[in-house]
Structures are given as C-alpha cells and as structure tokens.
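# Report on the structure
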Amino acid sequence: MTTPRDNLISWLRDAYAMEGQAIELLETQIERLENYPEALPRLREHLQQTREQQTEVERCLDRLGADPSTLKESAMKLGASMQGMMHAMSSDEVLKHALGSHAFEQFEAGSYRSLMTAAETAGEPQIAQTCEQIMRQEQDMARWVWEQLPHMTEQYLRRSESGAEAKR
Ligand code: MG
Ligand code: FE
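As the structure is a computational prediction, the values presented were derived from the model and not from experiment.

## Side note on the overall build of the chain
Secondary structure summary: the chain contains five helices and zero strands in total. Contacts spanning at least 24 positions in sequence make up 79% of the contacts within the chain whose residues lie at least 6 apart. Of the roughly 8,900 Å² that the chain leaves accessible, carbon and sulfur atoms contribute 50%.

## Concerning the coordination of the magnesium ion (ligand 1)
The protein atoms that coordinate the magnesium ion (ligand 1) are Glu19 (OE), Glu19 (OE), Gln53 (OE1), Glu108 (OE) and Glu138 (OE), at distances spanning 2.0 to 2.6 Å. Donor residues for the magnesium ion (ligand 1) sit on one chain with the sequence pattern E-x33-Q-x54-E-x29-E. Exposure remark for Glu138: the relative accessible area of 0% places this residue in the buried category.

## Side note on the packing of helix α1 (residues 4-32) against helix α4 (residues 93-121)
Two numbers describe how α1 lies on α4: the axes approach to 10 Å, and their chain directions differ by 160°. Of the possible angle classes, the one that applies to α1 and α4 is roughly antiparallel. Where α1 crosses over α4, the two elements pack in a sense that is left-handed. Here the contact of α1 with α4 is built from residues that sort into 14 nonpolar, eight polar and four charged.

## Let's talk about empty space enclosed by the protein
Scanning all chains against the criterion turns up three cavities of 30 Å³ or more. Size it by volume and the largest cavity reaches roughly 140 Å³. In terms of lining residues, the largest cavity is bounded by 15 residues, among which Gln29, Leu33, Leu43, Ala98 and Met152 are the most central. Contributions of two or more residues to the lining of the largest cavity are made by α1, α4 and α5 (125-161). The element that contributes the greatest number of residues to the lining of the largest cavity is α4, accounting for five residues. Class assignment for the residues of the lining of the largest cavity results in eight nonpolar, four polar and three charged.

## Some thoughts on the coordination of the iron ion (ligand 2)
Surrounding the iron ion (ligand 2) are the protein donor atoms His46 (NE2), Glu105 (OE), Glu108 (OE) and Glu138 (OE), which sit 2.1 to 2.2 Å from the metal. Taken together, the four donor atoms coordinating the iron ion (ligand 2) and their angles of 78 to 160° define a geometry best described as irregular. Coordination of the iron ion (ligand 2) draws on donor residues from a single chain, spaced H-x58-E-x2-E-x29-E in sequence. On the basis of relative accessibility, which here comes to 0%, the residue Glu108 falls in the buried class.

## Description of α5
With 37 residues, α5 extends 54 Å from end C-alpha to end C-alpha; this agrees with the ideal 54 Å at 1.5 Å per step. At Leu149, α5 shows its strongest bend, of approximately 35°, with the proline Pro150 following within four residues. With its phi angle positive at about 80°, Gly163 sits one or two positions after the end of α5.

## So, the nonpolar core
Counting 25 residues, the largest nonpolar core has Leu8, Leu12, Val57, Tyr112, Leu115 and Ile127 as the members making the most contacts within it. Contributions of two or more residues to this core are made by α1, α2 (40-63), α4 and α5. Looking at which element gives the most residues to this core, the answer is α1, with eight residues. Setting aside its immediate chain neighbours within four residues, Ile127 contacts Leu8, Leu12, Cys60, Arg63, Leu64 and Ala119. Counting 18 residues, the second-largest nonpolar core is a separate cluster that includes Leu26, Ile30, Met141 and Val145.

Calculation criteria
Residues numbered from 1 in each chain as written. Chains lettered and ligands numbered in written order. Predicted model: local features only at pLDDT ≥ 70, side-chain atom pairs only at ≥ 80, totals over all residues. Heavy atoms only, no water. Helix = DSSP H or I, 4+ residues; strand = E, 2+ residues; numbered from the N terminus. Contact = heavy atoms within 4.5 Å. Areas by Shrake-Rupley, 256 points an atom, 1.4 Å probe, with all protein chains shown as cover. Donors = N, O, S within 2.8 Å, 3.2 Å for Na, K, Ca; no water. Buried < 20%, exposed > 50% of the residue type's maximum accessible area, 1.4 Å probe, protein only. Axes fitted to C-alpha atoms, helices over the stretch in contact; angles between N-to-C directions. Parallel < 35°, antiparallel > 145°, perpendicular 65-115°, else oblique. Left-handed = near helix turned anticlockwise from the far one by under 90°. Nonpolar A, V, L, I, M, F, W, Y, C, P; charged D, E, K, R; others polar. 1 Å grid on protein atoms, 1.4 Å probe; cavity = no way out; pocket = protein on both sides within 12 Å on 5 of 7 lines; lining within 4 Å. Points joined across faces, edges and corners; volume = space filled by probe spheres on them. Tetrahedral: all angles 85-135°; square planar, octahedral: opposite > 155°, others 65-115°. Expected span 1.5 Å × (residues − 1). Bend = angle between axes of the 7 residues up to and from the residue. Core = buried A, V, L, I, M, F, W, Y, C linked by side-chain atoms within 4.5 Å.

By themselves, these observations are geometric and do not establish any function.
Next comes the structure, spelled out in structure tokens:
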C-alpha cells in the first residue's frame, strides 16, 4: 500500500532532482547566451528563483520527516535527456535552447500542479501552498520564454543572413 503521503514524498524528491537539473540548464544557457544579452537578467533572476525553489522543496520534505537524498532515476533521466538535447546543437543552438527551456518550464509547472493536489490529499495545505507559489513562478518563466521566441528567431535570421557568427 502506498499512501498519498508516500507519493507526496516521492514526488517532492523528483521535484528536488528536477530543480537540480534546472540549475544546470540555466547555468549552461547563461554561459552560451553572449549574443542575446537582453535575455540575461531574466535568466539570472530565474536561476536565483530556482535555487530558492530547491530549498523550499527541501523544507517540504523536512516537514514530512524525509530528505532529498534518494534521487529517483526517472527525474534524473528526464533532465539528462533534456540536457543531451541541448548539448547536441548546431548553429541555431540558441533557438533550440529556448524551445527546450519552454518545454522544461511547462514540465516544472505541471509537476507542481500535480504536487499541489497530492499535498492537499495528504492533508498538507502548507506544502500545497508552497507548490502553488512555485508553480506560478514556472508558469511566468514559461510564458516569458514563449514571448521571446519571435524576437530571438528574427535576430537569428538577421545574424545568419549578414554572415555574422549566428551561433549562440
Ligand atoms: Mg523550477
Ligand atoms: Fe523553472
């Protein structure tokens, strides 16, 4: 028998691992975005948010008398495949990064929406509230990435056409 509380703990551990991957992805993006400096402040802001999210998730686990140490393979695998996708890139790398990061932010938002329900069902309204706050941050970030796509594409096409180094 697996109780809602057991599932909540297991999914919070997934979320903890997911935020670890998010930190790595954002750090990689920040390093590679030299041609799109206008995106840097928002990415740095979300990197900071992501670190805080991971700490919040750890606090939720703590509340439940659990710790994040048991990293589940499924969450790690997701992160690894995202990262693989982001590393195997050619000249339109920056655009592929943006597509991948939009998908990643949506995945994060969905994870916290699901966690909210799990926390409520397990009788942990405070954890549900934390998950809702984080979910909104992920939704905001997904929306922001979405809104960058046309501009980033235009810039890429322009750089590409002028023969400038369009990479990154
Ligand atoms: Mg996050
Ligand atoms: Fe995020």
